[in-house]
Amino acid sequence: MKNSEHITILVVDDNPTNIKVLFNFLRSSGFKVLVAKDGENALGKLAEVTPDLILLDVMMPGIDGFETCRRIKENVTTQRIPVIFMTALADTEHKVKGLSLGGVDYITKPFQQEEVLARIKMHLKLHFLTEELAEKNAQLHELNASLEKKVEERTAELKKAQAHLVLHEKMSSLGQLVAGIAHEINNPVGFIVGNLKHANEYTHNLINVIKLYQKYYPNPAPEILKEIDAIELDYLLEDFPQMLLSMQEGTNRIEEISQSMRTFSRSDTDTKVTFNIHDGLDSTLLILKHRLKAKSQHSAIEVIKNYGILPEIKCYPGQLNQVFMNLLANAIDALEESHRDRTFVGMQTHPSRITISTGIEPNTNSVTIKIADNGIGMTPEVKQRAFDHLFTTKSVGQGTGLGLFISRQIIEDKHGGKITFNSVYGQGTEFIIVLPK
Ligand SMILES: Nc1ncnc2c1ncn2[C@@H]1O[C@H](COP(=O)(O)OP(=O)(O)O)[C@@H](O)[C@H]1O
Ligand SMILES: [Mg+2]
């Protein structure tokens, strides 16, 4: 509570004798005292100073004490000042009216000085405590609000981290699955490859023997002749080695695929390892092959590779492959989207195309990878937000809005590179990755 000499009391009364008595008595009790001779005068003073308490006479010329009180309580800057009514009329009706208008107490004339002082002190104390409480409440409110904001921020962060984790989890379990399948395929394929080599040799030998028979026994028994005719031996001898060759070709391709699958799923190491970017791009393309093929809604997507000569770079291969996957899948989505309103003639003159270019930037000594498509492109609004967390223009289930967000993290945070893009709506998009060498 303030020191009494810092406490100001406004006394409002039209009776000069009363004012004088109160003034002297309050001054001698240590208060600062202001006086007003009627209600209007009091309101005028209140526009300039804010006393800590008001002693208000009820019966005054002009506006009476009740009306003055009503106006004090109406004004936000004065409404919290405690008002004590003073009157010679001690009837209950008056008291009730005064209190209902917001007065805190009632004292009756003639005054009992000790009683007045006690009441004033009590109401001042109450007033200051109330003010303090209000202030504490406001602080609490503020604290609460900032706490709520913090909780909200933290929740958003957590959600982000969780989404990232889920995706990471999915990617790594996909990687494991792919690696597992590649491994399982390898065994039987190795089997076939190994046996094909012998089969080739055996076939070669058998054919040789048959040719020798034909040379030294040009006139075999009729039964043999009949059989030779039935099986079309000449054709068979020519076709059989071809057949084995194409089986060889087939197994070679299976081996390549399984190699690509293993490259794609190369499990992430804690440290960077050297990696051939082109292998990463090729294995990713292979995994997306089914989406590049012609469908009922669109013709095949042509992939043009402008690969430059790149050194192997130190990186996290699994993560880079994830970026290539995101960008290529986005390009395919954009091409499919543009097909929806493209005519057949349009498709002929303007075939769907993904162009992948790589090279070294001689000035900065960095590796550049560009993935361009001639798909639907982005509107200015989409361009603004493309990298935003959870921003997607695709339907639920098709898009997560995480692809570019995570790609940027991988390229910029994990590899110290840069990912940018150019896009023109209706024409296409080009993503540019720059990685330090
Ligand atoms: N090659 C592109 N062509 C056109 N728009 C694209 C391309 N790549 C990304 N976008 C736009 O950026 C948005 C965000 O992409 P992304 O973060 O990968 O999330 P998602 O593919 O799940 O929507 C996409 O929804 C799309 O609107
Ligand atoms: Mg995407």
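Here the structure is a predicted model, which is why all the values come from computation and not from measurement. Every chain's residues receive numbers from 1 upward, in the order its sequence appears when written. Following the order in which they are written, the chains are lettered starting with A and the ligands numbered starting with 1. Local features in a predicted model are, by the rule used here, given only for residues with pLDDT of at least 70; side-chain atom pairs are given and counted only at 80 or more, and totals for whole chains, interfaces and linings are based on all residues. As a convention, hydrogens and water are excluded, and side-chain values are obtained from all of the structure's heavy atoms.

Draft legend 1. Local environment of the side chain of D333. On the secondary structure map, D333 appears in helix 10 (residues 317–339). At a separation of 2.8 Å, a polar atom in the side chain of D333 contacts the side chain of R291. The term polar contact refers here to a pair of N or O atoms within 3.5 Å; inside protein, the definition further demands a hydrogen-donor-capable atom paired with an acceptor-capable atom, and it admits residues adjacent in sequence only when both atoms are side-chain atoms. Of the polar contacts made by the side chain of D333, one reaches the side chain of K394; its length is 2.9 Å. Sequence-distant contacts of D333, that is, excluding residues within four places in its chain, are made with R291, K394 and Q398. Each helix corresponds to a stretch of at least 4 residues labelled H or I by DSSP, and each strand to a stretch of at least 2 residues labelled E; elements are numbered beginning at the N terminus. Contacts were defined at the residue level, with two residues in contact if any of their heavy atoms lie within 4.5 Å.

Draft legend 2. Looking closely at the pairing of strand 11 (residues 418–424). We call a residue buried when its accessible area falls under 20% of the maximum for its residue type, exposed when it is over 50%, and partly exposed in between, using a 1.4 Å probe and counting protein chains only. Residues I419, F421 and S423 of strand 11 are buried on one face, while the alternating residues K418, T420, N422 and V424, pointing to the opposite face, are not. Any two strands with at least two DSSP-identified bridges between them are counted as paired. Sheet topology places strand 11 next to strand 12 (residues 428–436); seven bridges connect them, and they run antiparallel. Bridging from a neighbouring strand, V424 pairs with G428 of strand 12. Taking the residues between adjacent antiparallel strands as the criterion, strand 11 and strand 12 are bridged by three residues, where G426 takes a positive phi near 90°.

Draft legend 3. Quick look at the environment of R408. Locating R408 in the fold gives a position in helix 13 (residues 403–414). Among the residues examined, R408 registers a relative accessible area of 33% and is labelled partly exposed. Sequence separation between R408 and K418 is ten residues, and the spatial gap between their C-alpha atoms is 7.6 Å. When residues no more than four places from it in sequence are discounted, the contact partners of R408 are F387, D413 and I419.

Draft legend 4. Fine view of the site of ligand 1. Around ligand 1, the surrounding shell holds 20 residues, and the nearest of these are T392, T393, K394, T400 and G401. In this structure, an oxygen atom belonging to ligand 1 sits 2.5 Å away from a side-chain N or O atom of T393. Within the side chain of K394, one N or O atom sits 2.6 Å away from an oxygen atom of ligand 1. Accessible areas in this description were obtained via Shrake-Rupley with a 1.4 Å probe; residue shielding takes into account the shown protein chains only. For ligand 1, whose accessible area on its own is 530 Å², the fraction buried by protein is 94%. Every element with two or more residues in the shell around ligand 1 is listed here: helix 10, helix 13 and strand 12. At three residues, helix 10 tops the list of elements feeding residues into the shell around ligand 1. When residues are grouped by polarity, Ala, Val, Leu, Ile, Met, Phe, Trp, Tyr, Cys and Pro land in nonpolar, Asp, Glu, Lys and Arg in charged, and all others, Gly among them, in polar. Across the shell around ligand 1, the residue classes tally to nine nonpolar, nine polar and two charged. The criterion for a residue being near a molecule or strand is simple. One of its heavy atoms has to lie within 4 Å of it.

Draft legend 5. Structural detail: a positive patch on the surface. Taken together, R253, K289, K293 and K295 make up a surface patch of like positive charges. Topologically, R253 is positioned in helix 7 (residues 233–264). By definition, no residue in a patch forms a salt bridge, and every one has over 30% relative accessible area; like charges are joined within 9 Å, nonpolar side chains (Val, Leu, Ile, Met, Phe, Trp, Tyr) within 5 Å. Note on definitions: salt bridges are taken to be side-chain nitrogens of Lys or Arg within 4 Å of carboxyl oxygens of Asp or Glu. Neither His nor the chain ends is counted toward charge; the positive residues are Lys and Arg and the negative residues Asp and Glu. Charged groups are reduced to one reference atom each: NZ for lysine, CZ for arginine, CG for aspartic acid, CD for glutamic acid.

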